[in-house]
Amino acid sequence: MKVAVGIGCDRGTPLATLETALSQALAEAGLSPEAIVLLASITLKADEPGLLALAARLSCPLRFYSPEELAAVPVPHPSEVVRRHTGTPSVAEAAALLAAGAPMQDLIVEKHRYRGPDGRNATVSIARMS
């Protein structure tokens, strides 16, 4: 199975926290990193060092979507807190679905949340590629 991974994170989230969040989400889905075709997030994170480092570590393309593009995607767990900070009710779930070109039923990890020992938060969602 090939998948797209959507990632949301706090500003300044280190690579180690993102790697742990991703590893946990992959384990939840019974997948290995080799299944990942594409990483995706919001344009606000286009300069996020940890996210860029994760894509480089995985040798995986990283695609960014605008808040408007993400907000147009129906997701199972919209968040008003996320909307206040980013302009969209979903980053990880919506980015995974857009990157996969898939409907909501292909979301195999809906919203895996992880707070690293550094206090930074990351959210990972995984969608089956259509």
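What you see is a predicted model, and the numbers here were worked out from it, not measured in a lab.

A count of helical and extended segments in the chain gives five helices and five strands. Mapped in sequence order, the helices and strands of the chain form the string β-α-β-α-β-α-α-α-β-β. Computed over C-alpha atoms, the radius of gyration of the chain comes to 13 Å, within 12% of the 14 Å expected from 2.2 N^0.38 for 130 residues, which places it in the range of a compact globule. Once the C-alpha set of the chain is aligned to its principal axes, its extents read approximately 30 × 30 × 20 Å. Counting over 130 residues, the chain shows a buried share of 48%. Of the contacts made within the chain by residues no fewer than 6 positions apart, 65% connect residues no fewer than 24 positions apart. Split by element, the accessible area of the chain, about 6000 Å² in all, is 54% carbon and sulfur. Positive and negative side-chain charges of the chain, numbering 12 and 13 respectively, have mean locations separated by a distance of 2 Å.

Our focus in this paragraph is helix α5 (residues 92-100). Across the nine residues that make up α5, a large majority, eight, are buried. Looking at the packing, one finds that the buried side of α5 touches β1 (3-9), β2 (36-42), β3 (62-65), α3 (67-71), β4 (107-115) and β5 (121-128). Looking one or two residues beyond α5, the residue adopting positive phi is Gly 101, at roughly 65 degrees.

To continue, consider the state of the cysteines. Per the stated rule, a full pass over the model turns up zero disulfides. Looking at the unpaired Cys 9, the closest cysteine sulfur is the one in Cys 60, lying at 15 Å. The class of Cys 60 is buried, set by a relative accessible area of 9%.

This part takes up the UniProt feature "domain: CobE/GbiG C-terminal" (unreviewed entry) in the chain. If you check UniProt for "domain: CobE/GbiG C-terminal" (unreviewed entry), the listed places come out as residues 4-127 in our numbering. Strand forms 27% of residues 4-127 and helix 37%; the C-alpha atoms that close the span are 5 Å apart.

Parameters at a glance
Residues numbered from 1 in each chain as written. Predicted model: local features only at pLDDT ≥ 70, side-chain atom pairs only at ≥ 80, totals over all residues. Heavy atoms only, no water. Helix = DSSP H or I, 4+ residues; strand = E, 2+ residues; numbered from the N terminus. Rg over C-alpha atoms; globule rule 2.2 N^0.38 Å. Buried < 20%, exposed > 50% of the residue type's maximum accessible area, 1.4 Å probe, protein only. Contact = heavy atoms within 4.5 Å. Areas by Shrake-Rupley, 256 points an atom, 1.4 Å probe, with all protein chains shown as cover. Lys, Arg positive; Asp, Glu negative; His and termini not counted. Charge placed at Lys NZ, Arg CZ, Asp CG, Glu CD. Disulfide = S-S within 2.5 Å. UniProt positions renumbered as here; feature names shortened; annotations may be inferred.

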